[in-house]
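Architecture and fold: a report
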Amino acid sequence: MSEIRYEEYLFEEKLPLFWCAGCGDGIVLGAILRSFANLGYEKKDTVVVTGIGCWGKADDYITTSIFHGTHGRALAFATGIKLANPKLKVIVLMGDGDGATIGGNHFIHAARRNIDVTAIVVNNFNYGMTGGQYSGTTPENFYTTTSKYGHIEPGFDLCKLAAAAGAPYVARGSVFNVVQLQKLIEEAFEKKGFSFVEAVSPCPTHFGRLNGMKKAPEMLHWIKENSVSITAAEKLTPEVREKKFVLGKFVDKDIADYSTKYQCIIDNCSSNASEGGDKNER
Ligand SMILES: Cc1ncc(C[n+]2csc(CCOP(=O)(O)OP(=O)(O)O)c2C)c(N)n1
Ligand code: SF4
């Protein structure tokens, strides 16, 4: 562990935080900054790329190199940055609307291509910044400003989506269990290839208010009550399990990332690129 303090990565002049009281975004930001400090990341070699949304504002407070992109396109910018300079550590911060709804196509293809970036999606189940409309992860029967009678679509399980698309590292944490969340984020940062961490997080201002959880602690309690570990989830029936937030690491395997394969073609080397074992630990 390095001697660097997390405050090194925090733009203190920009405080106070823009987010509402009780928003989970600051908790995820703290976990990311402490991970940078623990891993001793060089600011100039670390690029945080964001899209647009409440969570997309996170780069305002980060002192590494940053790139504030457009809504849904953060992974496209991150891909370009990584290919231009594969030595950079590239971290992509997206909301569920940003990364998994308007940006869903970039998400599955960045995972499929195995671009060596870490994507952290803060899943608060709605479009927070624009007033609480439903997103691709809003669970069925929940209320948003655009599903006033209850949402009739099923929500995406982003971890299953990332795993099915081929991502070598896939995990889910929540802001209620921040120790686990930070551990997963640190592992993801150190993983070569496309690493994905979903952070289940409250938006009390919109999602909470419309779903009987007006106060921030009520939303946190809801996340806690509905979270289970991967091991505990295996004992549940499929019907019960699909309504839970299953927390932990789903995929951890070694496969050659896009830049390594690309370099291999340039160097004309014989590639055993797709070899590697599954290190999934539960
Ligand atoms: C191309 C485009 N479409 C729509 C918008 C408007 N817009 C800005 S933020 C946002 C939703 C953000 O939701 P999410 O990504 O879930 O992040 P959150 O605000 O919840 O953190 C939308 C629709 C935009 N800026 N650009
Ligand atoms: S609107 Fe929701 S997501 Fe946005 S800052 Fe407020 S609580 Fe957080």
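Everything below is about the structure printed above this text.
Considerations on empty space enclosed by the protein
Counted under the stated rule, the structure contains one cavity of 30 Å³ or more. Taken as a whole, the largest cavity spans an internal volume of roughly 50 Å³. Of all elements in the fold, only strand E3 (89-95) and helix H6 (178-190) reach the threshold of two or more residues within the lining of the largest cavity. In terms of residue count, E3 provides more of the lining of the largest cavity than any other element does, three residues in total. Residues that form the lining of the largest cavity fall into these classes: six nonpolar, one polar and four charged.

Description of the site of ligand 2
Contacts to ligand 2 come from Trp19, Cys20, Cys23, Cys54, Asn124, Gly128, Cys203, Pro204, Thr205 and His206. In the shell around ligand 2, the residues fall into six nonpolar, four polar and no charged.

Points about the site of ligand 1
Around ligand 1, a shell composed of 16 residues is seen, among which Cys54, Gly97, Asp98, Gly128 and Met129 lie nearest. Asp96 is positioned with one of its backbone polar atoms (N or O) 3.5 Å from an oxygen atom of ligand 1. In this structure, an oxygen atom belonging to ligand 1 sits 2.8 Å away from a main-chain N or O atom of Gly97. Of all the elements in the fold, those that place two or more residues in the shell around ligand 1 are helix H3 (96-102) and strand E5 (126-127).

Concerning the state of the cysteines
Disulfide: a covalent bond connecting the sulfur atoms of a pair of cysteines. In this structure the tally under the stated criterion is one disulfide. Each disulfide pairs two cysteine sulfurs, and for Cys264 the partner residue is Cys269, the sulfurs being separated by 2.0 Å. Residue Cys269 is classed as partly exposed on the basis of its relative accessible area of 36%.

What about a negative patch on the surface?
Together, Glu140, Glu153, Glu239 and Glu242 line one region of the surface with negative charge. Within the secondary structure, Glu140 sits in the loop between strand E6 (133-134) and helix H5 (158-164). Here Glu140 falls in the partly exposed class, since its relative accessible area comes to 41%.

Some details on helix H4 (residues 104-113)
Think of an α-helix as 3.6 residues a turn; residues three or four steps apart then line up on the same face. Listing the buried residues of H4 in full gives Gly104, Phe107, Ala110 and Ala111. Looking straight down H4, one finds that the buried residues subtend no more than 135° of arc, so they occupy a single side. Immediately downstream of H4, the backbone of Asn114 shows phi near 60°, a positive value.

What counts as what
In every chain, residue numbers begin from 1 and rise along the written sequence. Whichever chain is written first becomes A and whichever ligand is written first becomes 1, with later ones labelled in order. Selection of residues for local features in this predicted model requires a pLDDT of at least 70, selection of side-chain atom pairs for listing and counting requires 80 or more, and totals for whole chains, interfaces and linings are taken over all residues. Side-chain measures were taken over the full set of non-hydrogen atoms in the model, leaving aside hydrogen atoms and water. Definitions used throughout: a 1 Å grid over protein atoms alone; a cavity as a set of points that fits a 1.4 Å probe which cannot get out; a pocket as an open set with protein on both sides within 12 Å along at least five of seven lines; a lining residue as one with an atom within 4 Å of a point. Grid points are joined across faces, edges and corners, and a volume is the space filled by probe spheres set on the points. Under the scheme used here, helices are H or I runs from DSSP no shorter than 4 residues and strands are E runs no shorter than 2 residues, and both carry numbers assigned from the N terminus. Here the term charged refers only to Asp, Glu, Lys and Arg, the term nonpolar to Ala, Val, Leu, Ile, Met, Phe, Trp, Tyr, Cys and Pro, and the term polar to all other amino acids, Gly among them. Nearness of a residue to a molecule or strand requires only that one of the residue's heavy atoms be within 4 Å of it. Residues adjacent in sequence count toward polar contacts only when both atoms are side-chain atoms; beyond that, a polar contact is any pair of N or O atoms within 3.5 Å, and within protein one must be able to donate a hydrogen and the other to accept it. In what follows, a disulfide is any cysteine sulfur pair within 2.5 Å. For each residue, the accessible area found with a 1.4 Å probe, counting protein chains only, is set against the maximum for its type, and the residue is called buried under 20%, exposed over 50%, and partly exposed in between. Residues qualify for a patch when their relative accessible area is over 30% and they have no salt bridge, like charges being joined within 9 Å and the nonpolar side chains of Val, Leu, Ile, Met, Phe, Trp and Tyr within 5 Å. With residues, only the protein chains shown are counted as cover, and all accessible areas are computed by Shrake-Rupley using a 1.4 Å probe. Salt bridges are defined as contacts in which a side-chain nitrogen from Lys or Arg sits within 4 Å of a carboxyl oxygen from Asp or Glu. Residues scored as charged are limited to Lys and Arg (positive) and Asp and Glu (negative), so that His and the chain ends carry no count. The atoms used to mark charge sites are NZ of Lys, CZ of Arg, CG of Asp and CD of Glu. By definition, the arc is the one covered by directions from the helix axis to the C-beta atoms.

By themselves, these observations are geometric and do not establish any function.
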